[in-house]
Structures are given as C-alpha cells and as structure tokens.
Amino acid sequence: VRRGVPTVVLIRQPGAAVRSLALRRPAASVGSLIHQYLDFYTPLLPVREGVYLADFAQVTGDFGAVTRGINQRFATDFVCFAHTAANVERVFAEIDRINAALGGDEYQVSRPSRERETAHEYTFTPAENQLLAKAEALYEKLRAASIY
C-alpha cells in the first residue's frame, strides 16, 4: 500500500473462514483459529482504503468481477477472467493437480468443495462466540470502508 502497488486481500465471513480452516487444521483449537483471523485482518484497518477486499463469494462466484473491481479501484488494466464453466473447470483442475502433488486431500485443497461445505457443521462454544463477535465486528469495519 505504501508503495502504491494494487493490493488485493481475500476476505471471508469469520465463522465460515474458521470452520473451513478447522477442517484443514484439525489439530488446532477453534479459539486459536479465530485469533489467527483477528491477527491477519486487524493490521489492515489503518490501510483498508488502500486495498481491494475481495469477498470469498465474489472470488469463487465471479472472479472477472473481482478483476474489474481491481481495475476500477486502482485505474489498472488487468485482463479480466472470463468466469465460464470451462475456465473455472480448468482452474480447479490445476488447483487439484497442485494439491495432489503436495500430498493434500479434499480438506486441504484451495477451492470450494461440496464435501467441506457439508462438513462445516460446528457449534461454537460461548467463549468462541465472544471471540467470533470481535472477528465479525472487524469484518464489518473492513467491508464498510471497502469498494467491491
């Protein structure tokens, strides 16, 4: 941001992000994962107007819109991704190839997964809910100052 480089940050609703990460890191406590969310996003508060926050649903649902938003926000001319079924399939196949080469499984792959979505059933404890409320407030602050 200080250098004027277009900066994009993926952001996801905290509960969904923590549930997903808990599947990828089953040995980690949910409380520590919420703390990691807070630790990652809190430093963005002072620079939030200098970054483009790309919402997880937008990134996975229409990455071309993300690219257009980046171009509008930073007056750049990056080629926009054509979010067609064939292009998405090619990207996901490449992600799966890389994941397999790294020895990952369905719970570690960096793309949407129906299997993981159905495995997201987790009820936060009261203490986790208190931490999650802080993460939700941070998420809303960042979104309020961002341009999608």
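Given the structure is predicted, the values throughout are model-derived calculations rather than measurements. Each chain carries its own residue numbering, running from 1 in the written order of its sequence. Only residues with pLDDT of 70 or above have their local features reported here, since the model is predicted, and side-chain atom pairs are shown and tallied only from 80 upward, although totals for entire chains, interfaces and linings are computed over all residues. Just so you know, side-chain values use all the structure's heavy atoms and leave hydrogens and water out.

## With respect to the overall build of the protein
Each helix corresponds to a stretch of at least 4 residues labelled H or I by DSSP, and each strand to a stretch of at least 2 residues labelled E; elements are numbered beginning at the N terminus. Scanning the protein from terminus to terminus reveals 7 helices and 2 strands. Order of helices (α) and strands (β) in the protein, N terminus to C terminus: β-α-α-β-α-α-α-α-α. Long-range contacts, defined as pairs at least 24 residues apart, comprise 62% of the intrachain contacts of the protein with a sequence gap of at least 6. Here the accessible surface of atoms and residues is derived via Shrake-Rupley with a 1.4 Å probe, and residues count as covered only by protein chains that are part of the display. Taken as a whole, the protein presents about 9000 Å² of accessible surface, with 57% of it coming from carbon and sulfur. Should any heavy atoms of two residues lie within 4.5 Å, those residues are considered in contact.

## Topic: helix H7 (residues 126-144)
The terminal C-alpha atoms of H7, which comprises 19 residues, lie 27 Å apart, in line with the 27 Å expected from a rise of 1.5 Å per residue. Tucked inside the fold, the buried residues of H7 contact strand E1 (8-11), helix H1 (14-24), helix H2 (30-41) and strand E2 (52-55). The span one expects for a helix is its residue count, reduced by one, times 1.5 Å.

## Digging into the pairing of E2
Side-chain alternation along E2 places Tyr52 and Ala54 on one buried face and Leu53 and Asp55 on a second face that is also buried. Pairs of strands are assigned from DSSP output, requiring at least two bridges between the strands. As paired strands, E1 and E2 are joined by 4 bridges and run parallel to one another. Bridging from a neighbouring strand, Val8 pairs with Tyr52 of E2. Burial classes follow relative accessibility: with a 1.4 Å probe on protein chains only, a residue under 20% of its type's maximum area counts as buried, one over 50% as exposed, and anything between as partly exposed.

## Description of the pattern of salt bridges
Pairing between side chains of opposite charge can happen when their charged atoms approach one another. Salt bridges are identified by distance alone: a Lys or Arg side-chain nitrogen within 4 Å of an Asp or Glu carboxyl oxygen. Inspection of the entire model under this criterion finds 3 salt bridges. Note that Arg143 and Asp55 form a salt bridge whose closest N and O atoms lie 3.6 Å from each other. With Arg143 in helix H7 and Asp55 in strand E2, the pair connects residues that are 88 residues apart, well separated along the chain. Overall, Arg143 belongs to the partly exposed group, its relative accessible area being 29%. Overall, the relative accessible area of 14% leaves Asp55 in the buried class. Where Asp62 meets Arg68, a salt bridge forms, and the shortest distance between an N and an O atom there is 3.6 Å.

## A look at the packing of aromatic side chains
Ring geometry is summarised as follows: Phe, Tyr and Trp rings, the Trp one being its six-membered ring, pair when their centres sit within 6.5 Å, and such pairs are stacked at plane angles under 30 degrees, edge-to-face over 60 and tilted between the two. All told, the structure shown has 3 aromatic pairs when counted by the stated rule. Taken together, a centroid distance of 4.8 Å and an interplanar angle of 85 degrees make the contact between Phe40 and Tyr41 edge-to-face. A relative accessible area of 8% places Tyr41 in the buried class. Here Phe63 and Phe81 contribute two aromatic rings whose centre-to-centre distance is 6.3 Å and whose plane-to-plane angle is 75 degrees, an arrangement assigned as edge-to-face. Taken together, the residues Phe63 in helix H4 (residues 63-74) and Phe81 in the loop between H4 and helix H5 (85-101) connect sequence positions 18 residues apart. For Phe81, a relative accessible area of 25% puts it in the partly exposed group.

## Considerations on unusual backbone geometry
Despite not being glycine, Ala75 has its phi angle at roughly 55 degrees, a positive value. Note on Ala75: relative accessible area 70%, which makes it exposed.

## Considering the nonpolar core
In plain words, nonpolar cores are sets of buried Ala, Val, Leu, Ile, Met, Phe, Trp, Tyr and Cys residues tied together by side-chain atoms within 4.5 Å. By size, the foremost hydrophobic cluster in this structure holds 20 residues, and its most contacted members are Ile11, Ile34, Tyr37, Tyr41, Leu53 and Leu142. Breaking this core down by element, the ones donating at least two residues are E1, H1, H2 and H7. Residues Ala54, Val66, Ile70 and Phe74 belong to the second largest nonpolar core, which totals 5 residues.

This is a description of form; function is not addressed.
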